[in-house]
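Notes for the structure review
The primary structure of each chain is shown beneath.
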Amino acid sequence: MIRRANIIPRHGAAVVFTVTFLGGCAAQQPFESAPPSPNRPWKAPDLAAYSSALAEGERTHDPGAVSIDAQKTYGLSELIDIAQRTNPETRVAWERARQAAIAAGLAEGTYYPILAAAATGAVAHVPLPIPTTVVPGGVFTADTQFVIPALSLEWLLLDFGRRQALVDAAQAQIVEATAAFNGKHQEIVFSVTRDFYTLTAVRGKVTAEQAALNAARSLEEAATMRKQHELATLPEVLQAQEETARATYELQDALAGEHDARMALLESIGIRPSTAIEIADVSQEPLPPALEESVDQAIDRALAQRPDLVARLASVRAKEAEVRKAHADYWPRLAARAAVAGNIGEQKVENSAYQSVDDLQYDAGFRLEWTLFEGFERRNKVHLAESLQKEAEDELEHAKDKAVREVWKAYNDTKVALAKQQAARALQAASEKAWAATFESYKHGLATFPDVREAERNLARARTLDQAARAEVMTRAAAFAFSTGDLARP
């Protein structure tokens, strides 16, 4: 189908042709590409192309610029460094921070004048009806050929704070995005730290279960030796073998838990489970010192530096700027404008010769815009902006209260974990002495088998509790640093 529209421009007559080609084909209707029934999976026509694209992306996947040395043992700080450089969440947060900075540049650009160049060229043939008493035949024709290059300048001089409000909001959004970026790093640091010490606890349990297996084997050897000297019965030997089998199972279960904890740590770092990486065992490293600061000091530090609170405050500042912008919309805008153009062309009427023109045209002045009534749109925008500001303020207060509660809990949890670890250490020391004395007595016939078996089990539990308590101290200390905003400070 072809459509024609006749348009008469300001600088001459013109005919603008709009041509639209509409074709038909036997394309599938949308409903024909949908699954035919809800009863079973269906292979869509383009599914193979999507699968191929995903497979190709997997083959060309770049795990990041960080290379893993399979011969090196990585500690916690090195694992955190890898996570911060490879975890995709940090890259997403970084792009959002960059977008906020670009948005601020856009807002600041509204202070500059707008300079535009344009050119219009056309060839026009326009027939117009006219009385036959004026032109024989009743048709008046005009032929025009012209080119109009133009250069225009417009500069907004006065807007009663609209642009400044936009700039202030954009600057606040930069702070909000940057705080979110730092907060994402803090979350990753905490996740890696937590999973690292979870792996440490499981490794400690493996060590404890290995020691328990060694003790069970020693008990089995002692029972077997006593049976050979007719000092022990067959049930004692069988029960000792049962203890060895139980300890073997507990060791294998702990090894399976170590594998799971390692996979969770690699996921927090952002590297694949198949990556060959040696992770340091810090189950015997010194524990952090006891907390010396008061909880009030920790709360004050958290309220001053936590990224989520900084982001909330920046959101409030942005909403305040939006309220100022909404109020400024009640006032007029004043702009200076100027334009210069060239009128180059020629025109003829009927059978006369072409008459040419080649001259400048220009204008300059001021433009005042003042919307007097728009159906209460501005009033509603002011109410909406004020409501959003109040919402942001309430969210900030709620976030502050939540932060105070989190610091209180993390502070007390750290103190309790330190106390539990000291008790677990004392329990292990006592259990080791009890096991050594009972086992020695059993070998000399001065203690019964139930007594030595109970001492062996108590020692295994005490060793597991000690390792779990050590890892809990480390994790609680990291949670306390996370609650105060000390992790990943810029």
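Residues numbered from 1 in each chain as written. Predicted model: local features only at pLDDT ≥ 70, side-chain atom pairs only at ≥ 80, totals over all residues. Heavy atoms only, no water.

A short note on the overall build of the chain
Worth spelling out the cut-off: Numbered from the N terminus, helices here are DSSP runs of H or I no shorter than four residues, and strands are runs of E no shorter than two. We compute the radius of gyration from the C-alpha atoms alone; for a globule the expected value is 2.2 Å times N to the 0.38, where N is the number of residues. Relative accessible area decides the class of each residue, using a 1.4 Å probe on protein chains only: under 20% of the type maximum gives buried, over 50% gives exposed, and in between gives partly exposed.
Helix and strand counts for the chain come out as 9 helices and 8 strands. At 40 Å, the chain has a C-alpha radius of gyration far larger than the 23 Å of a compact globule built from 490 residues. Once the C-alpha set of the chain is aligned to its principal axes, its extents read approximately 145 × 60 × 45 Å. Across the 490 residues that make up the chain, the buried fraction comes to 33%.

Concerning the side chain of Asp-195
The test is simple: Contacts were defined at the residue level, with two residues in contact if any of their heavy atoms lie within 4.5 Å.
Mapped onto the secondary structure, Asp-195 falls in helix 4 (residues 162-228). Not counting the four nearest positions on each side in its chain, Asp-195 is found in contact with Ala-264, Leu-265 and Ser-268.

Quick notes on the packing of aromatic side chains
Note the following rule: Ring pairs are drawn from Phe, Tyr and Trp, using the six-membered ring of Trp, whenever the two centres fall within 6.5 Å, and their geometry is named by plane angle: stacked under 30 degrees, edge-to-face over 60, tilted for the rest. Two conditions define a charge sitting above a ring: the NZ of Lys or the CZ of Arg must be within 6 Å of the ring centre, and it must be within 35 degrees of the ring normal.
Across all of its chains, the model carries 7 aromatic pairs by this definition. Ring plane angle 85° and centroid distance 5.3 Å describe the contact between Phe-373 and Phe-376, whose orientation is recorded as edge-to-face. Overall, Phe-373 belongs to the exposed group, its relative accessible area being 58%. By relative accessible area, Phe-376 is classed as partly exposed at 44%. Judged by centre distance (6.1 Å) and plane angle (65°), the rings of Tyr-442 and Phe-449 are edge-to-face. Note on accessibility: Tyr-442 and Phe-449 belong to one class, buried. Lying over the aromatic face of Tyr-442, Arg-226 brings its terminal NZ or CZ to 4.6 Å of the ring centre.

Concerning helix 7 (residues 307-328)
Basically, it comes down to this: For a helix, the expected span equals 1.5 Å multiplied by the number of residues minus one.
Taking 1.5 Å per residue as the helical rise, helix 7 with its 22 residues ought to reach 32 Å, and the 32 Å between its terminal C-alpha atoms agrees with that figure. Turning to helix 7, its buried residues number three or more, namely Pro-307, Leu-309, Ala-311, Ala-314, Ser-315, Val-316, Ala-318, Ala-321, Val-323, Ala-326 and Ala-328. Those residues of helix 7 that are buried lie in contact with helix 4, helix 6 (295-305) and helix 8 (377-443).

Digging into the nonpolar core
Put simply, the test is: Buried Ala, Val, Leu, Ile, Met, Phe, Trp, Tyr and Cys residues form a nonpolar core when they are joined through side-chain atoms within 4.5 Å.
If you look at the biggest cluster of nonpolar residues, it comprises 26 residues, and the most contacted ones within it are Leu-79, Val-192, Phe-196, Leu-265, Ile-269 and Ile-279. Those elements giving two or more residues to this core turn out to be helix 2 (76-86), helix 4, helix 5 (234-269) and helix 9 (449-484). Here Ile-279 is in contact with Thr-73, Tyr-74, Leu-79, Phe-196, Leu-199, Arg-203, Arg-262, Leu-265 and Leu-266, once residues within four sequence places are set aside. Membership of the second largest hydrophobic core comes to 15 residues, among which are Ala-215, Ala-232, Ala-240 and Trp-435.

Observations concerning a nonpolar patch on the surface
The following threshold applies: Each patch is built from residues lacking any salt bridge and having more than 30% relative accessible area; the joining distance is 9 Å for like charges and 5 Å for nonpolar side chains (Val, Leu, Ile, Met, Phe, Trp, Tyr). Throughout, the Shrake-Rupley method with a 1.4 Å probe supplies accessible areas, and for residues the shown protein chains are the sole cover considered. Whenever Lys or Arg places a side-chain nitrogen within 4 Å of a carboxyl oxygen from Asp or Glu, that contact is recorded as a salt bridge.
Taken together, the side chains of Trp-155, Leu-157, Leu-158, Phe-160, Tyr-330, Trp-331, Phe-366, Trp-370, Leu-372, Phe-373 and Phe-376 present a nonpolar region at the surface, about 1200 Å² in accessible area. Topologically, Leu-372 is positioned in the loop between strand 8 (355-369) and helix 8. Overall, the relative accessible area of 69% leaves Leu-372 in the exposed class.

A closer look at the sheet that holds strand 5 (residues 139-158)
Just so we agree on the cut-off: Paired strands, as defined in this entry, are two strands with at least two bridges between them according to DSSP. Comment: axis = line fitted to C-alpha atoms, over the contacting stretch for helices; angle = value between 0 and 180 degrees taken between N-to-C directions.
Here we have 4 strands laid out as an open sheet, ordered 4-5-7-8, and antiparallel in their pairing. In this open sheet, the two strands that pair with only one neighbour each are strand 4 (114-129) and strand 8. Averaged over all adjacent pairs, the angle separating strand axes in this sheet is 20°, with direction ignored. Note that strand 5 and strand 7 (residues 333-349) share 14 bridges and pair antiparallel. Residue pairing in the sheet places Gln-145 in a bridge with Glu-346 of strand 7.

Focus on the packing of helix 4 against helix 8
This is how the line gets drawn: Should an angle fall under 35 degrees it is called roughly parallel, over 145 degrees roughly antiparallel, and 65 to 115 degrees roughly perpendicular, with every other angle called oblique. By convention the crossing between two helices is left-handed if the near helix lies anticlockwise of the far one by an angle smaller than a right angle, and right-handed if it lies clockwise.
For the pair helix 4 and helix 8, the least separation of the axes is 10 Å and the interaxial angle reads 15°. For the element pair helix 4 / helix 8, the angle class is roughly parallel. Crossing geometry of helix 4 relative to helix 8 is assigned as left-handed. Within the contact between the two elements, helix 4 uses Ala-215, Ser-218, Leu-219, Ala-222, Ala-223 and Arg-226 and helix 8 uses Trp-435, Phe-439, Tyr-442 and Lys-443.

Let's talk about the pairing of strand 5
Walk down a regular strand and you will see the side chains alternate between the two sheet faces. The pairing of strand 4 with strand 5 spans 16 bridges and is antiparallel. Opposite Leu-128, over in strand 5, you have Phe-140 as the bridge partner.

Describing the side chain of Thr-90
For the record, the criterion: Counted as a polar contact is a pair of N or O atoms within 3.5 Å, where, for protein atoms, one must be capable of donating a hydrogen and the other of accepting one, and residues adjacent in sequence contribute only when both atoms are in side chains.
One can find Thr-90 in helix 3 (residues 88-108). Looking at Thr-90, the relative accessible area reads 4%, which means it is buried. Engagement of the side chain of Thr-90 in a polar contact is seen with the backbone oxygen of Gln-84, the distance being 3.4 Å. The residues touching Thr-90, leaving out its near neighbours within four places in the chain, are Gln-84, Phe-181, Lys-184, His-185 and Ile-188.

Overview of the environment of Trp-94
Residue placement: Trp-94 occurs in helix 3. Taking the C-alpha atoms as reference, Trp-94 lies 9.5 Å from Lys-184; in sequence the two are 90 residues apart.

Details of the pairing of strand 7
Bridge count for strand 7 against strand 8 is 15 bridges, and the pairing is antiparallel. By the bridge assignment for strand 8, Arg-333 is matched with Glu-369. The loop that links strand 7 with its antiparallel partner strand 8 comprises 5 residues; one of these, Glu-350, has a positive phi angle of about 55°.

Focus: the confidence of the model for the chain
Operational definition: pLDDT expresses, on a scale from 0 to 100, how confident the predictor is about each individual residue.
The pLDDT averaged across the chain works out to 85; a share of 90% of its residues lies at or above 70. Low pLDDT, under 50, characterises residues 1-27; the predicted model gives this stretch 34 contacts beyond four residues in sequence or across chains.

Things to note about the pattern of salt bridges
Taken as a whole, this structure holds 33 salt bridges when the rule is applied. As a salt-bridge pair, Glu-320 and Arg-317 come within 3.6 Å of each other at their nearest N and O atoms. Separated by 3 residues within a single helix, Glu-320 and Arg-317 lie in helix 7, roughly one turn from each other. According to the relative accessible area criterion, Arg-317 is partly exposed, its value standing at 42%. Linking Asp-363 and Arg-337 is a salt bridge whose minimum nitrogen-to-oxygen distance equals 2.6 Å. Linking Asp-363 in strand 8 with Arg-337 in strand 7, this pair joins segments that are 26 residues apart in sequence.

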